[in-house]
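These are the residues of each chain, in order.
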Amino acid sequence: MSTPLQAGMESTVKPESGEVTPAMEAKADDLVSRYPVSKRSAVLPLLHLWQETFGYIGPRGVEWIAKKLSLQEIQVLELVTFYPWFRQRPYGKFHFRVCRTLPCALGGSGKTFATLQKLMNLKSDGHEGAMVSEDGRFSLEYSECLASCGTAPVILRNDEFHQAVDEKRATELVAGCK
Amino acid sequence: MAFTEHRLIFKHIDAPGYTRDITCYQKHGGYEMLKKGLTMGGPAIREEVKKSQLRGRGGAGFPTGTKWSFIDPTKVTKPIYLICNADESEPGTFKDRQIIYKDPHQLIEGMILSCFANGVKLAYLYIRCEFTEGWKILENAIEEAKAAGFLGKNILKSGYDLEIYVHRGAGAYICGEETGLIESLEGKRAYPRIKPPYFPAVLGLYMCPTIVNNVETLCNVKHIVEMGGDAYAKIGRPNNTGTRLLCVSGDVVKPGYYEFPCGAITLGQLIYNVCGGIPNGRRLKAVIPGGSSAKVLRAGEVYKIKEKDSQGNMVDRDVKLDDLRMDFDSLAGAGSMAGSGGVIVMDDSRDMAECLANISTFYAHESCGQCTPCREGVLWLKKILSRIADGQGRDNDPDLLKDVADRIAGRTICAFGEAAAWPVQSFLGKFKEEFQIRIRRNGAAAKRDTVSLTH
Amino acid sequence: MNPWNHDVAKDEKDLIDVQVDGVWMQMPRGLNVVEVAHRSKKFIPHYCYHPKLSVVGNCRMCLFEMGTPKMGPDRKPILGPDGKPEIAWMPRPQIGCATGITPGMGIRTDSALVKDCRNGVMEFLLINHPLDCTICDQAGECKLQEFSVEYGTGESRFVEQKVRKPKNVDLGERIVLDDERCILCSRCIRFSSEVVKDDVLGFVNRGSHSTLTAYPGKRFDNAYSLNTVDLCPVGALTSKDFRFQMRVWFLKETKGLCTSCGTGCNITLGSREGKVHRLTPRENESVNSQWMCDYGRLNFHYLDSKDRLHRPLLRAAGEQFPGTWGDAIQRSAEALKKVNPEELAVVASARLTNEELFVLSRFLRELGVTRVDMVPHQGQGDSFLRSGDANPNSRGAELLGLSSGGRKFGTWGAEIASGKIRGLLIFGGEDVVAAGIPASALQSLDVLLFSGILANGTSRLAHVVLPAAATAEKTGSMVNVHGRLQRMTRAVPAPGEAREDWTIIRDLREACTGGNSLHSVEDVWKAMGAEVTQFAGLSWAKIGDLGVQIENDLGAIHEKSVKA
């Protein structure tokens, strides 16, 4: 979740660059068709689709989805800011999420996070959400329980799930980012 | 003495050579129960589930047969929906992940049977988005099942139609609450609904009768169809039937997932025999037996559990922590709960204030914010506990924490209030002197001594 | 009008027994506990609940202790010595807004548990709430303040950092939002969505950081936005117009009517020392429920416009000079005597009250003038409250025989030009130049008398200007476009030497024809009731605060809703 948006002001979120391709439209329509009772149910799938395509949800995403599902923009923005998976600014090419909940914390997730932060040379900039490196290569944030507590500490690198990520493994995972 | 698991649901999990495609599944008898169930008919399946005394495995332990009985497909005019709750997010729990990633068809078959039993034609599988591969695995499995005629129109020429779609969540624990899930599935903020009037059996998804079941629960349905409700009820003990998937994490030598009949194993046996005990020469200090929402148990405690004696009378028995049976009634009798089966073990090197602060941070982050006590109170709890963990506690903090927690539990729209309050009430209640010492010692020194678990 | 009406039971006659604080009573089945408490003269505090909006149960302030009848083995309630069911009390409190009563239910509104629940909710609401009372407009009518006194604790135990949110947000044309004050009851969101059908508001972020907002770039500007200021239990949503203007406890409250269009929404005028500071809707289920439109709500600043007429004006040597009432009336009477009745035209405005119009009709009858009409005004009608007729009393003018809907008026321009009309008497401040009669034509008249509240292009040409009172400054009745007779009471005095129209007409009449039979509102009503069938049998008192339906309404009000 990024800085809380203030009503009455122009959005401070940068519009996404890139175009919506016919293939993407087709995928979107297919997703909508899975909810024959109410189009609105397709908001989450469409948000995922948009974020996977453009990297984040900006005003264009909100407006495109709102239009497609006959909703008001606020009804889409409500969800972008409610669900932590969605972000309103681009994250790194390699986005790391480290679980911070109790079992992983007991397993040393704090050390894992600190190691990753150091390796990526990241500083907290007061933004809510992830820390993003200046060159846009890395980003890092905490996540809540990722449901693999037996192999703590666990992380997600983009869509890859990694278990037992101690400091050594964390170093390997960063080095492996090509 | 080794304790052998009773691998019913986990039969094929990690089995060498077992793959998650439908061919492998069918080679091991997969979808035979679907054929059996279709011939049995819906009411018969529901009857078996009732006889089995199966209790929900998502955390609440509500009898599934009873939940299903709230909807009578012959009397309902609106469409009936079924939603599989694959939003596994309870800290300490990682059992549904194994099923989804390694034996998805078991879930699909169980789900189809459950849908058929309840007259459901359209069902959704709500999976947490952090299972980044899991949803693709499930979609693939559904495609396979469809291609084989087990899903879609006129399943196995029975005349029964069913569509199942996978729906990805987006990172909110509150979507594990059944009405929060329904709201999320409808495309809104996951605000749980007030009950009354919005009981899912009456006003659920799209205001139609809806059944929400956990992954493990649905898998059990398949096995109930296979062996019959009575046989299933013989596993475990009365009112605590079948097997349970247990997940152990934290300070044990062999953390992991295990399956035992309900109550067949005690907490001590689980920790010391199955999981190899506490590493590094440490001793047990505390254990949360059913996911972080469950009340914590302290090493050395003795509980008065009501049990039936040989004459059938209800008597109080003294049960030590190590001898607590891992089933619903025993754990409830000890003042905690079986919950989602997530067992988190803490050894005597752990600072209880740090652990509780960590848990409270989780709940503060996950509160949906709809109702006053939870929205304001849970964050307040976190702030106080973080302050204590940081070495700036105040003398009245323990009493204040208890007061705040007492004013959240029972006063909220959904059980999240209790889930956030119980850890605070139980940790404070059982480790009171530790908190007091921590506060009295205050300052940076108190912080330096312990490993920080709060981020 | 409203999609919900929780204060009305499905069947008011279907009564069941419930016990409220130890007393058994009969209440309609299914009514929620907050309403039941209200009807039994108890009060269950609440924030998010509103009888006209959907129930969400999120504030938790209406928690009460609930009991159900103890059941015997025969599945029938066990009866106590008083013949009523014995009650088993539930340890877990329930919310009153979402609990419909069932036979034998027990309700406790002031037990120790209930007190603790309320105390808890109050404490929680205040821990992040900013200490803005000293600068917050809501002070004096703030539910947080009131319930804090009744149910809260004096001291705070919160020593952490409060959650910060945007303050002084320009949410819309007429509304300011302070997110820190917001208690997230969602009344505004529900109103916008359910009553006005405009989903422009929502909550962003999660948990304790949840924040009310509109989409950046979009404004909360619909025609009924200010109703959310009424609904907001705290000072989160406030009216820009009223911001920092006046403390509400200084306001004298007068029951009145909005006169900006023909709907006649019932209102309360808030005034102090002769100045109106705000208008708020007054509940009338037959007209406007609890709402009014923003336009009407803010349309009162003309009362102290610099164009207000304070003194009678007399024309001499091409200019207007202030004069006395005596002179003005005398000059008017003399001027009227010089013109034949057939050559006189009278604008009997549909802005005047029934009483004023009736005295006028008597006057005109005695004068022998038949050429009388009103000036139609087109309003911005919608399918909710706003009428396409911008005149507040068109129907009254019609009933009293002084209106042809503007048809006759439309011919007067030509008749003045041709010399058929040589004298024009204007009431209600109608600007006939703006309505189409050229200034040159008016200048050719022998007599042009103007009575109104604001100077305009017409008044500046008049031979005599008689300053009148605005509707906030007079007591009288009007009939709305749906055939409902309603009354208003004077809230503030007219400025300077301006007078209520009916006294002006009375004096003119006495000076012109000598007629002086009507001296009070009661006199007027006696006479009106005798002459106009729709007013027969009515009196000032009988109209009451909510009015009387005197004609069948062809367009039922209760199905009105805003177009999506």
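No experiment lies behind these values; they were computed from the predicted model shown. (Residues numbered from 1 in each chain as written. Chains lettered and ligands numbered in written order. Predicted model: local features only at pLDDT ≥ 70, side-chain atom pairs only at ≥ 80, totals over all residues. Heavy atoms only, no water.)

Thoughts on the overall build of chain B
Looking only at helices and strands, chain B features 18 helices and 13 strands. Its C-alpha atoms give chain B a radius of gyration of 22 Å, within 12% of the compact-globule value 23 Å for 455 residues. Overall, chain B is about 75 × 50 × 45 Å in size when its C-alpha atoms are taken along their principal axes. For chain B, buried positions account for 65% of its 455 residues. By sequence separation, contacts in chain B at least 24 residues apart represent 71% of the contacts at least 6 residues apart. (Helix = DSSP H or I, 4+ residues; strand = E, 2+ residues; numbered from the N terminus. Rg over C-alpha atoms; globule rule 2.2 N^0.38 Å. Buried < 20%, exposed > 50% of the residue type's maximum accessible area, 1.4 Å probe, protein only. Contact = heavy atoms within 4.5 Å.)

Thoughts on the overall build of chain C
Summing up its helical and strand segments, chain C has 14 helices and 24 strands in all. A principal-axis box enclosing the C-alpha atoms of chain C has dimensions of 95 × 55 × 40 Å. Across the 564 residues that make up chain C, the buried fraction comes to 60%. Contacts in chain C between residues far apart in sequence, at least 24 positions, make up 68% of those at least 6 positions apart. Just so you have it, chain C exposes about 22600 Å², and 52% of that area is on carbon and sulfur atoms. Computed over 69 positive and 68 negative side-chain charges, the separation of the two mean positions in chain C equals 1 Å. (Areas by Shrake-Rupley, 256 points an atom, 1.4 Å probe, with all protein chains shown as cover. Lys, Arg positive; Asp, Glu negative; His and termini not counted. Charge placed at Lys NZ, Arg CZ, Asp CG, Glu CD.)

Focus: the interface of chain B and chain C
Each partner contributes to the interface: chain B provides 34 residues, whereas chain C provides 38 residues. Taking both sides of the interface into account, the surface hidden between chain B and chain C amounts to around 3000 Å²; carbon and sulfur atoms contribute 49%. On the chain B side of the interface with chain C, the three residues burying the most area are B:W380, B:R407 and B:R411, jointly 25% of the side's total. For the interface between chain B and chain C, the tally reads seven salt bridges. Among the ionic pairs, C:D116 bridges to B:R407, the shortest N-O distance being 3.0 Å. Linking chain B with chain C are 21 residue pairs in polar contact (both at pLDDT 80 or more). Ranked by residue count, the leading element in the side of chain B that touches chain C is helix 14 (residues 372-389) of chain B, at 10 residues. Residue classes in the side of chain B that touches chain C are distributed as 14 nonpolar, nine polar and 11 charged. (Buried area = accessible area lost by both parts, 1.4 Å probe. Salt bridge = Lys/Arg side-chain N within 4 Å of Asp/Glu carboxyl O. Polar contact = N/O pair within 3.5 Å; in protein donor to acceptor, adjacent residues only side chain to side chain. Nonpolar A, V, L, I, M, F, W, Y, C, P; charged D, E, K, R; others polar.)

A few points about the interface of chain B and chain A
Chain B puts 57 residues into the contact, and the matching count from chain A is 40 residues. When the area that chain B buries against chain A is broken down by residue, the three leading residues are B:A170, B:R189 and B:H455, summing to 16%. Inspection of the chain B/chain A interface yields two salt bridges. Put simply, B:R168 and A:E52 hold a salt bridge, and the shortest N to O gap is 3.0 Å. Looking at the side of chain B that touches chain A, the elements that each hand over two or more residues are strand 2 (120-127), strand 3 (163-168), helix 8 (178-185), strand 7 (243-250), strand 13 (342-347) and helix 13 (352-366) of chain B. Here the residues of the side of chain B that touches chain A are counted per class, giving 29 nonpolar, 16 polar and 12 charged.

Some points on the sheet that holds strand 11 (residues 237-239) of chain C
Residues and elements named next belong to chain C. Pairing in this open sheet of three strands is antiparallel, and the strands run 7-8-11 from one edge to the other. The open sheet is flanked by strand 7 (169-170) and strand 11, the only strands paired with a single partner. Strand direction decides the pairing type here: strand 8 (residues 175-177) and strand 11, joined by three bridges, are antiparallel. Along strand 11, the bridge assignment pairs L177 with L237. (Pairing = 2+ DSSP bridges.)

Here we look at the sheet that holds strand 18 (residues 372-373) of chain C
All names here are of chain C. An order of 16-15-21-20-19-17-18 is seen for the seven strands of this open sheet, with the pairing classed as mixed. The sheet terminates laterally at strand 16 (319-322) and strand 18, the two strands that pair on one side only. The sheet contact formed by strand 19 (residues 423-426) and strand 20 (residues 447-452) spans four bridges and is parallel. Within strand 20, the position partnered with I426 by the bridge is F450. Across the sheet, helix 10 (residues 409-417) is in contact with strand 17 (344-347), strand 18 and strand 19; its angle to strand 17 comes to roughly 145 degrees. (Axes fitted to C-alpha atoms, helices over the stretch in contact; angles between N-to-C directions.)

A look at the confidence of the model for chain C
All names here are of chain C. For chain C, the mean per-residue pLDDT works out to 94, and 98% of the residues sit at or above 70. Note on residues 555-564: pLDDT is under 50 here. Beyond four places in sequence and across chains, it has 25 contacts. For this predicted complex, the interface confidence reaches an ipTM of 0.94, while the overall pTM sits at 0.94. (pLDDT = per-residue confidence, 0-100.)

A short note on helix 6 (residues 104-117) of chain B
All names here are of chain B. The end-to-end C-alpha distance of helix 6 is 20 Å, a good match for the 20 Å that 14 residues give at a rise of 1.5 Å each. Burial runs high along helix 6: 14 of the 14 residues are buried. At the C-terminal side of helix 6, G119 shows a positive phi close to 65 degrees. (Expected span 1.5 Å × (residues − 1).)

Section: the packing of aromatic side chains
Centre-to-centre distance and the angle between the planes together describe a pair of aromatic rings. Residues and elements named next belong to chain C. In this structure the tally under the stated criterion is 33 aromatic pairs over all chains. Ring geometry for F43 and F147: centres 5.9 Å apart, planes at 45 degrees, overall tilted. Of the two residues, F43 sits in the loop between helix 1 (33-39) and strand 3 (63-69) while F147 sits in helix 3 (residues 143-151), which places them 104 residues apart along the sequence. Between the aromatic rings of F191 and W291, the centroid separation amounts to 4.7 Å while the plane-to-plane angle is 55 degrees, which identifies the pairing as tilted. (Phe/Tyr/Trp six-rings, centres within 6.5 Å; stacked < 30°, edge-to-face > 60°.)

What to know about the pattern of salt bridges
Counted by the stated rule, this structure contains 94 salt bridges over all chains. B:K51 is paired through a salt bridge with B:D230; the nearest N and O atoms lie 3.9 Å apart. With B:K51 in helix 3 (residues 42-52) and B:D230 in helix 10 (residues 229-234), this residue pair connects regions lying 179 residues apart in the sequence. The partner of C:R92 in a salt bridge is B:E418, with the nearest N and O atoms 2.7 Å apart. Of this pair, C:R92 sits in the loop between strand 4 (87-89) and strand 5 (94-95) while B:E418 sits in helix 16 (residues 416-430), on two different chains. The class of C:R92 is partly exposed, set by a relative accessible area of 36%.

Considerations on the state of the cysteines
All names here are of chain B. Under the criterion given, the structure shown has zero disulfides over all chains. No disulfide involves C208; its sulfur sits 15 Å from the nearest other cysteine sulfur, which is in C115. A residue is classified by how much of its surface remains accessible, and C208, at 8% relative accessible area, is buried. Sulfur of C262: no disulfide; nearest cysteine sulfur belongs to C247 and is 14 Å away. (Disulfide = S-S within 2.5 Å.)

Here we look at the pairing of strand 20 of chain C
Residue and element names in this part refer to chain C. Counting buried positions over the six residues of strand 20 gives six, a clear majority of the element. Alternating residues of strand 20 divide into V447, L449 and S451 and L448, F450 and G452, and every residue in both groups is buried. Relative to strand 21 (residues 464-467), strand 20 is paired through four bridges, and the arrangement is parallel. Within strand 21, the residue paired with F450 across the bridge is V465.

A word on the packing of helix 15 (residues 397-406) of chain B against helix 16 of chain B
Residue and element names in this part refer to chain B. In the contact formed by helix 15 and helix 16, the axes pass within 9 Å of each other and the chain directions differ by 145 degrees. You can see that helix 15 and helix 16 cross each other, and the crossing is left-handed. Residues P398, L401, K402, A405 and D406 of helix 15 lie in contact with helix 16, whose contacting residues are A421, V424, Q425 and L428. Looking at side-chain class alone, the contact of helix 15 with helix 16 contains six nonpolar, one polar and two charged residues. (Left-handed = near helix turned anticlockwise from the far one by under 90°.)

Focus on unusual backbone geometry
A cis amide bond links B:K195 with the next residue in sequence, B:P196, at an omega value of 5 degrees. Residue B:P197 is reached from B:P196 by a cis peptide bond, and omega for that bond is 5 degrees. Note on placement: B:P197 falls in the loop between helix 8 and strand 4 (210-214). Its identity is not glycine, yet A:A147 carries a phi of approximately 65 degrees, on the positive side. Counting through the fold element by element, A:A147 comes out in the loop between strand 3 (138-143) and strand 4 (155-157). Owing to a relative accessible area of 0%, A:A147 belongs among the buried residues under this scheme. One non-glycine residue with positive phi stands out, namely A:N158, at about 50 degrees. Turning to its location among the elements, A:N158 is positioned in the loop between strand 4 and strand 5 (160-162).

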